[in-house]
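The chain contents come next:
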There are 2 protein chains.
Amino acid sequence: MKGSGVQPRYRAVKEFISDKIRSRDYPEGARIPTEQQLTEMFAVSRMTVNRALRELVAEGLLLRRQGVGTFVSSVRAESPLLEIRNIADEIRDRHHVYSNRLECLESARADERIAARLGVAIGAEVWHSLLVHLENGIPVQLEDRYVRRDIVADYGAQDFSRQTPNQYLSTLFPLSELEHIVEAILPEERIRRLLDMDRHDPCLLVTRRTWSGQQLVSCAYLYHPGSRYRLCSRIGTTD
Amino acid sequence: MKGSGVQPRYRAVKEFISDKIRSRDYPEGARIPTEQQLTEMFAVSRMTVNRALRELVAEGLLLRRQGVGTFVSSVRAESPLLEIRNIADEIRDRHHVYSNRLECLESARADERIAARLGVAIGAEVWHSLLVHLENGIPVQLEDRYVRRDIVADYGAQDFSRQTPNQYLSTLFPLSELEHIVEAILPEERIRRLLDMDRHDPCLLVTRRTWSGQQLVSCAYLYHPGSRYRLCSRIGTTD
DNA sequence: GTCTTATAATTGTATATACAATGCTAGACA
DNA sequence: TGTCTAGCATTGTATATACAATTATAAGAC
């Protein structure tokens, strides 16, 4: 990357536009300056402006009509299917006993997979924690979490028996964005043993990434024994 | 006119690459041709190739490392978890071929499980359909659906090769409420065979119930091969 | 007044070119 | 042998330019 100081010019244009949208300077449906005008405002070429605008369209912030102009798109409808729920609270809501077991808390170097998921360079130092969550003493979730060290410096000094990583992070940052990937896998030996699972037992893997502002903060792999856990959601359209 | 026949060249490059990935010509992790090589293969400029590759990175199909090369990242079918999305459209959006195979379409008597899930009396007549959805001829979903016969009288007369049950039902009723339960299971023999799955392959089971107004309309068991499918959702608060 | 047509504005795509940044590798050197 | 360095391949960004496609608008024809 360019280090921390410099950033590409197309990115400057993107940030200018998306800031204006967030601050409602460019309200929903409003027309934003033409490529030509932005070209002059930023003293960059039209292709650079074009790239910035195309990416903002891809991100759903803008809407373009050939021959007409570029407009702020309306906010996408969103329903919290998988709300970010604290597993400790969830278990206590069932009047069961929550506990956890910290397997690992360390600073590690991001391999290719983590680097890609966490938006850091390969080899960058990141926090890594491995935590087993238990319901009445029975493992129901293995939380394999990676946290950006440049954003959460104190992660390694926390006591997770008092406060889950999730709880800690959400006190630090307002959550702005959330991504979930859900899949069924056959867990490898190490994971199976930590969750006290039988051979051939399937496993529900939820990969969760959380953002605060523009910043990707953390990526967690949440393994649930298939026979002991399921996700549930109900969406009402309030029609 | 550009109309429907022609397509931009960067898109041709994109489809070439993504087809190769889907067909495993470019397997996971493999290195794909350099921009220079693609420039020659397609007789287009490097910027055009660059745009195609950048968009494929944004779509999660590729992974690039400056100074090194471009690689196939792990690809799997993805589906937005929260919205109720038509699997046929979803597949066609990936430029893949959608088809389905109707295994069963009948009127049946609700057993205890179905009666409870569908809110009818045990022994009541309900529609039952069993449909395999295929992506490029490979099964990606087994849809085991039960529909209330007192609400949807014509369900049994539909041609599901033209319109999926989901499509049909959503034209009839405005969807007002939606429930999802997601779990990882080991499918039984019958399901495994219909989905062409190996023994011990885990399976993602989504149980979906849909309401229109106050009425529970339908309950579907959606089985997905764990190795070929995953759910994905992203929630942005855009603020 | 209404329809048609030309024109201008704006976005969409494509190219050739240039230089910067990154990471790997082979060879120089101690 | 081990370490450093220069060079090369590859991707990342930026520009000027060109023409195509789409849409709105204004001018003109009737």
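Within any chain, residue numbers begin from 1 and follow the written order of that chain's sequence. The order in which chains are written sets their letters, starting at A; the order in which ligands are written sets their numbers, starting at 1. Note on the predicted model: pLDDT of at least 70 is required for a residue's local features to be given, and 80 or more for side-chain atom pairs to be given and counted; whole-chain, interface and lining totals, by contrast, use all residues. The basis for the side-chain values is all heavy atoms of the structure; hydrogens and waters are excluded.

Labelled according to an unreviewed UniProt entry, chain A appears under the name Histidine utilization repressor, originating from Geothermobacter hydrogeniphilus.

Comments concerning the overall build of chain A
A tally of helices and strands in chain A yields 7 helices and 10 strands. For chain A, the share of sequence-separated contacts (at least 6 apart) that also reach a separation of at least 24 residues comes to 59%. Total accessible area computed for chain A in this model is approximately 12,500 Å², and 48% of it derives from carbon and sulfur atoms. In this text, helices come from DSSP runs of H or I with a minimum length of four residues, and strands from runs of E with a minimum of two, each type numbered from the N-terminal end. In what follows, residue pairs with any heavy atoms lying within 4.5 Å of each other are defined as contacts. Values of accessible area rely on a 1.4 Å probe in the Shrake-Rupley scheme; residue burial ignores everything except the protein chains shown.

Observations concerning the pairing of strand β6 (residues 138-148) of chain B
Residues and elements named next belong to chain B. Each residue gets one of three labels from its accessible area relative to the maximum for its type: buried under 20%, exposed over 50%, partly exposed in between, using a 1.4 Å probe on protein chains only. Taken across its 11 residues, β6 has 10 buried, putting it largely inside the fold. Across 10 bridges, strand β5 (residues 125-135) lies against β6 in antiparallel orientation. Considered in β6, the bridge of Val-132 is made with Leu-142. Strands were regarded as paired on the criterion that DSSP finds at least two bridges between them. Here 6 bridges tie β6 to strand β9 (residues 215-225), and the two strands are oriented antiparallel to one another. Residue Arg-145 lies in a different strand from β9, and its bridge partner there is Ala-220.

Focus: the packing of aromatic side chains
Residues and elements named next belong to chain B. Planes of paired rings set the category: under 30 degrees apart is stacked, over 60 is edge-to-face and the rest tilted, where pairs are Phe, Tyr or Trp rings (Trp by its six-membered ring) whose centres lie within 6.5 Å. Overall, the coordinates contain 9 aromatic pairs over all chains when judged by the stated rule. Here Tyr-146 and Tyr-221 contribute two aromatic rings whose centre-to-centre distance is 6.4 Å and whose plane-to-plane angle is 85°, an arrangement assigned as edge-to-face. Here Tyr-146 is found in strand β6, whereas its partner Tyr-221 is found in strand β9, with 75 residues between them in sequence. Tyr-221 shares its class with Tyr-146; the two are buried. Aromatic pair Tyr-155 and Tyr-168: ring centres 6.3 Å apart, planes at 50°, arrangement tilted. Taken together, the residues span a long stretch of sequence, with Tyr-155 in the loop between β6 and α6 (165-172) and Tyr-168 in helix α6 at a distance of 13 residues. In this pair, the class of Tyr-155 matches that of Tyr-168, namely buried. Taken together, the aromatic side chains of Trp-127, Tyr-155, Phe-160 and Tyr-168 make up a single cluster linked through ring pairs.

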